[in-house]
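Summary of structural features
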Amino acid sequence: MGTTDSAAPERLAFSGRQPGGSTPPDGGDRPAVHAFWRFLPGMAAYLFLVVLLLIADTSVGDVARYTGYALWGVLLPGTLVFRALRRRPFSLLEDLAYGAVTGLVLELVAWFLLVTLGAQSIAVAWPLAVVIPFAAVPRLRRHWRPRGYRAASLGWSWSVAGAVMLSSAYFHQVFLSRFPVLPTGETTRIFGDMPYMLSLAANAKQHAPLTVPQAAGEPLYYHWFSFAHMAMTDMVGHIDLPVVESRLVVPALAALSMVITAVVARRLTGRAWAGPLAAVLVFAVGEFTAMYPNNVNTWTFGAPAVRLMFWSSISLTYSQPLLIALLGVVGDALRRNENGQDGADAGARGSAPLFGPGVFILTALFALASSASKASTLPVTLAGLTVAGLAMLIGTRRIPWTVVGLGAILAGAQVFAMAVIFNFESYGLEIDPFGNVQSYWADPDHARPMAFQALVVAATLGAFVLNHHVKLLGMIPLLRRRKFGLEPVQWFLLGAAVAGPAAYLTVNGYNSSYFTIAALPFGVMLSAWGYCESFERAALSPRAKAALAVGTSAFIALLTVAIYRYSDAWAGYVQRLCGDSGATTSYSLLLAALGAAAALALIALVCGTLWWLVGRARPALRGRGGIVLLTAALAAGAPGLAHDVLQSREVAWVGSWVLPRTQVEAARWIRAHSDPSDVLVTNSHCWEFDNYANGSACDNKRSQWLSGYSERSVLIEGWAYAPRAVALTRGGTAYDGPFWDQELFALNEDAVYRPTEAKLRTLHDRYHVRYVVVHRPTGYESPRLRELARQVFDNGTTAVYRLP
């Protein structure tokens, strides 16, 4: 790994001369690299993903259509608009990365207009609204072929491409190759929320704003922008929604997130190698747990930042590039001090021109799109901006009007989301300091001495920091060296990095863990910044750099194998060492990670002492031990990625359930033989196949298969995720109580078990019900139903009746 010198401009190869014919002083005499070699890393990453998709039974036609959709429906309009808003070009990759994110925002506007006007059939033509003006207006034509691009080194390009390929390989192993597009048998297992996410995407093809597909007509107060994106992928690309969900959208959005992370880190820090480092830290370094397997019941501090969540939470996957782009434009606006000049690192960042006045429009675009992509993103960003503003106010004793303007934009977007999208719905989250972690130090009988209880509380908070935040340790040398005399952009990153976990510790509920996840990109930017500065000061020789890379790889491999093979034995040993039975103490689950951290710290202390002693005899080692220690610390969470791959092969995740092929076959039949406005009635309300079919009472109201695969709204299916229901859970993820309208529920059930002509007519005329879908493992229909409605489908497991 290499970096640029902190006091010299970043060395970049120019792909052409600057406007006006001037030759840039920093590297203008370097020989130009042939276009083939410059574009090869990106093409290699793309082709690698294509091969993995084809191996995972994705058709060539679907890959081709998705590629065409991404180029025509996202990248082209977005890049043109972004070029018109930024002042001067910097790099082609930056234009394309920010352009793709801008395209996602424009797509939301197009989706709303198309669905509202009922013009879905012409969705493929919406980019013409951008293309035609940019082709017709002379002042806009120049954005088709801008000049003055600077190209990064091939090493940098291959590093970013390699990070993207790593993510593609990961998703192939844990997702693409594990779950089929459609169930292939009666025991096929899929992730439990996939039908729900599919149903929301289908709903977005017909409703703006969305409604709850499992409770026809019920408003959906939720961050649903990702599902509008999936709907547009279907409408523009003409790709079946299950293919979009289970094959295409996750690896594509993850790749965009990694690229935009590298671009933003490079621009804000002025150090090229902060880019790929930040991308790897965000998306490849997971939690420090010292556990295997790390299943749902051992997610000690809420949702994990990497493991499982990028494919099982499409809203998180979709929100990431929008959040990171927002981080980038806000950070760029803060790069100027109050005198209108670049900040302290102007020498290192001079090669990246400021976006200019258009940064405020870009901030508004990304903030509005982020607002209902993931509800946790804007509060964290606002908190970081507030910290930056206070630091500037204290430091200059003047009102930082740039921060005020940015804050007004972000606050406006937050109010829009809360009032219009979420309808002030809290989903059961409530202010309860330490409510998410206090179970680890619970002592209801007050049996512990006060000093020991204080130690347990401190250890719990320490375990929380270890769990998510080891990869942020790179910021420590930066903060230490500058003695907190930070630039505004650094205060912004630090404030947001702290605000996320602080919100998790303040707001009770599982979903509040997404505040922590939203803060990680901010912290990672600062961590990569600090690491690169430390790396530059170490001034390693090429041989030393190679030794550091080999040593880091060996450390990660050793830690991965040790946790994989000995985690159970280690947990038992630590528990015995601490006098813990593992059955009655509240903090048992934390001991393995705390013990591993203590052991690694002891090893680091011993190695550091030896390094100091050897350094007295070999001066070349002096001042370089810190970078070795910091590298090892940042890599401590890397085994999580490999463990997740192994776990997907060896251990069935508790979030994956059986979905028989015959059910999906019936739902897909309805999709092909009904109108999008038709409403269905069903007796399927639970995810029956893990408990209900075996005679147990249903305690899981998550039946979503019918609405998902039929792409139709159901009068009452599973209501576990309905906003008004989840609001009763006090921060829980799902509701298992009764349906809120028992009179309507009784009418729904009577349609299957006690049908009469009057009841079916009421369902048809008042609720627009066209089909009654009987799920026979739940219960057989009344013979009377065959007399009152026409049976149009029956595969033994599922029967479909059409109302006259």
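The present account deals with the structure reproduced in this document. (Residues numbered from 1 in each chain as written. Predicted model: local features only at pLDDT ≥ 70, side-chain atom pairs only at ≥ 80, totals over all residues. Heavy atoms only, no water.)

**Describing the overall build of the protein chain**
As a reminder, the rule being used: Under the DSSP-based scheme used, a helix requires at least four consecutive residues in state H or I and a strand at least two consecutive residues in state E, with every element numbered from the N terminus. The globule rule used for comparison is 2.2 Å times the number of residues to the exponent 0.38, while the radius of gyration itself is calculated over C-alpha atoms. The rule is simple: take the accessible area with a 1.4 Å probe, protein chains only, and divide by the maximum for that residue type; under 20% is buried, over 50% is exposed, in between is partly exposed. The contact definition used throughout considers only heavy atoms, calling two residues in contact when any of these lie within 4.5 Å. Reported accessibility uses the Shrake-Rupley method at a 1.4 Å probe radius. Residues are deemed covered only where the shown protein chains occlude them. Under this rule, positive means Lys or Arg and negative means Asp or Glu; His and the chain ends count for nothing. In plain terms, the charge of a residue is placed at NZ if it is Lys, CZ if Arg, CG if Asp and CD if Glu.
When its secondary structure is counted, the protein chain shows 30 helices and eleven strands. A compact globule built from 804 residues should have a C-alpha radius of gyration of about 28 Å, and the protein chain, at 28 Å, falls within 12% of that. With respect to the three principal axes, the spread of C-alpha positions in the protein chain is 95 × 75 × 55 Å. Buried positions account for 58% of the 804 residues belonging to the protein chain. Across the protein chain, the fraction of contacts at a sequence separation of at least 24, relative to all contacts at a separation of at least 6, is 77%. A total accessible area of about 32,200 Å² is found for the protein chain, and carbon and sulfur atoms account for 64% of it. For the protein chain, the distance from the average site of its 63 positive side-chain charges to the average site of its 50 negative ones is 13 Å.

**Considerations on the sheet that holds strand β10 (residues 790-794)**
The test is simple: DSSP calls a pair of strands paired once it identifies at least 2 bridges connecting them. To get an axis, fit a line to the C-alpha atoms, keeping to the stretch in contact for a helix; angles then go from 0 to 180 degrees between the N-to-C directions.
The strand order β8-β7-β9-β11-β10 describes an open sheet built from five strands, whose pairing is mixed. Looking at the sheet topology across the chains shown, the edges are occupied by β8 (713-714) and β10. In this sheet, strand β11 (residues 798-802) lies alongside β10 in antiparallel orientation, the contact comprising four bridges. From the neighbouring strand, Asp-794 faces β11, where its bridge partner is Ala-799. Strands in contact with helix α29 (residues 757-767) are β7 (679-682) and β9 (769-775); relative to β9, the strand with the most contacts, it is inclined by about 130°.

**Here we look at the pattern of salt bridges**
Note the cut-off: The term salt bridge refers to a pairing of a side-chain nitrogen on Lys or Arg with a carboxyl oxygen on Asp or Glu at a separation within 4 Å.
This model, assessed by the stated rule, comprises 26 salt bridges. Between Asp-750 and Lys-759 there is a salt bridge, with the nearest N and O atoms lying 3.0 Å from each other. A residue is classified by how much of its surface remains accessible, and Asp-750, at 12% relative accessible area, is buried. The exposure class of Lys-759 is partly exposed, given its relative accessible area of 25%. Through salt bridges with shared partners, a single network forms among Arg-271, Arg-481, Arg-482, Glu-487, Glu-533, Glu-536 and Arg-537.

**Regarding a nonpolar patch on the surface**
To be explicit about the condition: Exposure above 30% relative accessible area and the absence of a salt bridge qualify a residue for a patch, where like charges join within 9 Å and nonpolar side chains (Val, Leu, Ile, Met, Phe, Trp, Tyr) within 5 Å.
A cluster of nonpolar side chains, Leu-390, Leu-393, Ile-394, Ile-399, Trp-401 and Val-404, forms an exposed patch at the surface whose accessible area comes to about 630 Å². Listing elements by their share of the nonpolar patch, those giving two or more residues are α15 (377-396) and α16 (401-421). Of the residues forming the nonpolar patch, the biggest block, three residues, is contributed by α15. If you trace the backbone, Leu-390 turns up in helix α15.

**Points about the nonpolar core**
What counts here: Nonpolar core, defined: a set of buried Ala, Val, Leu, Ile, Met, Phe, Trp, Tyr and Cys residues in which side-chain atoms within 4.5 Å join the residues together.
Core analysis: the biggest nonpolar cluster contains 212 residues, and Tyr-98, Trp-111 and Leu-334 have the highest contact counts within it. Ranked by the residues each element gives to this core, the list is headed by helix α9 (residues 241-269), at 18 residues. In this view, Trp-111 contacts Ala-204, His-207, Ala-208, Leu-210, Trp-224, Ala-228, Ala-231, Met-232 and Met-235; residues no more than four positions away in its chain are not counted. Membership of the second largest hydrophobic core comes to 13 residues, among which are Val-437, Tyr-504, Tyr-587 and Leu-591.

**Brief notes about the packing of helix α6 (residues 154-176) against α9**
Any two packed helices are characterised by how steeply their axes cross, that is the angle between the axes, and by the distance between the axes. Stated formally: An angle below 35 degrees is read as roughly parallel, one above 145 as roughly antiparallel, one from 65 to 115 as roughly perpendicular, and any other as oblique. Two helices crossing with the near one rotated counterclockwise from the far one by less than a right angle form a left-handed crossing, whereas a clockwise rotation gives a right-handed crossing. In this count, Pro and Cys sit with the nonpolar residues alongside Ala, Val, Leu, Ile, Met, Phe, Trp and Tyr, while Asp, Glu, Lys and Arg are called charged and the others, Gly among them, polar.
At their nearest, the axes of α6 and α9 sit 10 Å apart, and the two run at 150° to each other. For the element pair α6 / α9, the angle class is roughly antiparallel. The two elements α6 and α9 cross, and the hand of that crossing is right-handed. Across the interface between the two elements, Trp-156, Val-160, Ala-163, Val-164, Ser-167, Phe-171, Phe-175 and Leu-176 of α6 pack against Glu-245, Ser-246, Arg-247, Val-250, Pro-251, Ala-254, Ala-255, Met-258, Val-259, Ala-262 and Arg-266 of α9. Considering only residue class, the contact of α6 with α9 consists of 14 nonpolar, two polar and three charged.

**A short note on the packing of aromatic side chains**
Where two aromatic rings form a pair, the distance of their centres and the angle of their planes describe that pair. Note the threshold: Pairs were defined over the aromatic rings of Phe, Tyr and Trp, the Trp ring being its six-membered one, requiring ring centres within 6.5 Å. Orientation was assigned from the angle between planes: stacked under 30 degrees, edge-to-face over 60, tilted for the rest.
Going through the model one piece at a time under the given rule, you end up with 31 aromatic pairs. Summarising the aromatic geometry, the rings of Phe-82 and Tyr-98 are spaced 5.1 Å apart at their centres and angled 5° between planes, so their arrangement reads as stacked. Of the two residues, Phe-82 is situated in helix α2 (residues 60-85) and Tyr-98 in helix α3 (residues 92-117); the sequence distance between them amounts to 16 residues. Each member of the pair Phe-82 and Tyr-98 is classed as buried. Centre to centre, the rings of Phe-179 and Trp-311 are 5.4 Å apart; their planes meet at 40°, and the pair counts as tilted. One end of the pair, Phe-179, is in the loop between α6 and β3 (189-191); the other, Trp-311, is in helix α11 (residues 309-312), and 132 residues separate them in sequence.

**A few points about the environment of Thr-402**
Looking at the element boundaries, Thr-402 is found in helix α16. The class of Thr-402 is partly exposed, set by a relative accessible area of 29%. The spacing of Thr-402 and Gly-356 is 46 residues in sequence and 12 Å in space, taken between C-alpha atoms. In contact with Thr-402, not counting residues within four places along its chain, are Ala-333 and Phe-360.

**Description of the environment of Gly-509**
As for its placement among the helices and strands, Gly-509 is situated in the loop between β5 (507-508) and α20 (513-538). Between the C-alpha atoms of Gly-509 and Leu-429, which are 80 residues apart in sequence, the distance is 5.5 Å.

**Structural notes on empty space enclosed by the protein**
Put simply, the rule reads: Put plainly, a pocket is an open set of points on a 1 Å grid over the protein atoms alone with protein on both sides within 12 Å along at least five of seven lines, a cavity is a set where a 1.4 Å probe fits but cannot get out, and a lining residue has an atom within 4 Å of a point. Grid points are joined across faces, edges and corners, and a volume is the space filled by probe spheres set on the points.
In the structure shown here, the tally under the stated rule is nine cavities of 30 Å³ or more. Size it by volume and the largest cavity reaches roughly 110 Å³. Along the wall of the largest cavity there are twelve residues; nearest its centre are Ser-167, Tyr-170, Phe-171, Phe-283 and Ala-284. Of all the secondary-structure elements, those providing two or more residues to the lining of the largest cavity are α6 and α9. In terms of residue count, the dominant contributor to the lining of the largest cavity is α6 (five residues). Looking at the lining of the largest cavity residue by residue, the class counts come to eleven nonpolar, one polar and no charged.

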